[in-house]
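Topology and contacts: notes
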Amino acid sequence: FNHICSHDLQEPLRKIQMFISQVSDTEFNNLSEAGKHKLERIDLSAARMRNLIQDLMAYGSTETIDNSLTSVSLKKLVMDVKDVLSEELKEHKTVLKVLKDCEITVRPIQFKQLLFNLFTNAIKYSKNEEKPVIKVSGKIVSGADFPKLDLSEDKIYSRIEVSDNGIGFDQKYESKIFEIFQRLHTDE
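Conventions used here
Residues numbered from 1 in each chain as written. Predicted model: local features only at pLDDT ≥ 70, side-chain atom pairs only at ≥ 80, totals over all residues. Heavy atoms only, no water. Helix = DSSP H or I, 4+ residues; strand = E, 2+ residues; numbered from the N terminus. Contact = heavy atoms within 4.5 Å. Areas by Shrake-Rupley, 256 points an atom, 1.4 Å probe, with all protein chains shown as cover. Salt bridge = Lys/Arg side-chain N within 4 Å of Asp/Glu carboxyl O. Buried < 20%, exposed > 50% of the residue type's maximum accessible area, 1.4 Å probe, protein only. Core = buried A, V, L, I, M, F, W, Y, C linked by side-chain atoms within 4.5 Å. Pairing = 2+ DSSP bridges. Axes fitted to C-alpha atoms, helices over the stretch in contact; angles between N-to-C directions. Arc of directions from axis to C-beta. Polar contact = N/O pair within 3.5 Å; in protein donor to acceptor, adjacent residues only side chain to side chain.

1. Structural notes on the overall build of the protein
Helix and strand counts for the protein come out as five helices and five strands. Counting from the amino terminus, helix and strand elements in the protein follow one another as α-α-β-α-α-β-β-α-β-β. By sequence separation, contacts in the protein at least 24 residues apart represent 71% of the contacts at least 6 residues apart. Split by element, the accessible area of the protein, about 13100 Å² in all, is 53% carbon and sulfur.

2. Some words on the pattern of salt bridges
Any two side chains of opposite charge can pair if their charged atoms end up close together. If you walk through the whole model with that rule in mind, you get four salt bridges. Among the ionic pairs, Lys36 bridges to Glu33, the shortest N-O distance being 3.6 Å. Placement of both Lys36 and Glu33 in helix α2 (residues 33-64) is noted, with a separation of three residues, approximately one turn of the helix. Classification of Lys36 as buried rests on a relative accessible area of 15%. A relative accessible area of 61% means that Glu33 is categorised as exposed. In this structure, Asp80 and Lys112 form a salt bridge, with 3.4 Å as the shortest nitrogen-oxygen distance. One end of the pair, Asp80, is in helix α3 (residues 74-84); the other, Lys112, is in helix α5 (residues 108-124), with 32 residues separating them in the sequence. Lys112 sits in the partly exposed class, given a relative accessible area of 28%. A single salt-bridge network, built from bridges that share partners, covers Lys76, Asp80 and Lys112.

3. Structural notes on unusual backbone geometry
The phi angle of most residues is negative, glycine excepted, and most peptide bonds adopt the trans form. Of note, the phi angle at Lys93 is positive, near 55°, even though the residue is not glycine. Here Lys93 lies in the loop between α4 (86-91) and β2 (95-100).

4. Observations concerning the environment of Lys100
Topologically, Lys100 is positioned in strand β2. We classify Lys100 as partly exposed; its relative accessible area is 46%. On a C-alpha basis, the gap between Lys100 and Val136 in space is 7.3 Å, while along the polypeptide they are 36 residues apart. Excluding anything up to four places from it in sequence, Lys100 contacts Leu74, Val136, Ser137, Gly138 and Lys139.

5. Description of the nonpolar core
Soluble globular proteins tend to pack their nonpolar side chains together in the buried interior. Counting residues in each nonpolar core, the largest one holds 19 residues, and the members touching the most others are Leu77, Val78, Leu96, Ile104, Phe111, Leu115 and Phe119. Among the elements of the structure, α3, β2, β3 (103-106), α5 and β4 (133-142) are those that each provide at least two residues to this core. Residues Leu13, Ile20, Leu39 and Ile53 belong to the second largest nonpolar core, which totals five residues.

6. Considering the sheet that holds β4
Read across the sheet, three strands follow the order β2-β4-β5 without closing on themselves; strand pairing throughout is mixed. With one partner strand each, in any of the chains shown, β2 and β5 (156-164) form the two edges of the open sheet. Across the sheet, the axes of successive neighbouring strands diverge by a mean angle of 15°, strand direction being ignored. When β2 meets β4, the two strands line up parallel, connected through five bridges. Opposite Val95, over in β4, you have Val133 as the bridge partner. Relative to the sheet, α3 contacts β2, β4 and β5, its axis offset from that of β2 by approximately 175°. In the packing of α5 onto the sheet, the strands contacted are β2, β4 and β5, and the crossing angle to β5 comes to about 25°.

7. A closer look at α3
For α3, every residue scored as buried is listed here: Leu74, Leu77, Val78 and Val81. Seen from one end, α3 has its buried residues packed into an arc of 100°, which puts them on one side. On its buried face, α3 sits against β1 (70-73), β2, β3, α5, β4 and β5. Among the residues of α3, the N-terminal cap falls to Ser73, whose side-chain oxygen and the backbone nitrogen of Lys75 are separated by 3.2 Å.

Next up, the structure:
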């Protein structure tokens, strides 16, 4: 599975992107406005394909690695992801704060992937005039505290909040954005 994703799918995609880049560099000014628009759409589609392949590889790797439920500090997982994203955070002058820590029981690999996706989206969809600010907070709560959710009233849960000052998204997409391999199509 990973071989197919990493080699058999990415190799033709690399060639497509290489040719797109060559046409953009050498022929872009010779294209009509419609041709330029189509080339830009092809480039966006190729980038989306690359992202989907990367998502598939990340998903496939979580199935083969021991990824059992583990109790761990929320702050530790955030710091692990912060280390991975250190260059991007520095480049975009991003502020990443853990406001409140707590122990959470998660599958660390998948949870770090979730944080990675949330943080990179916060950077990618930041407002042009503001530096990105990402805040993470966790606390232990009772299921009884959230009667509108389908939670057991006698159990405790970890409530984790991640917020940023980016452009946000239309609430009509709130269920779609957490489906596997889904993305909203435009920056708007």
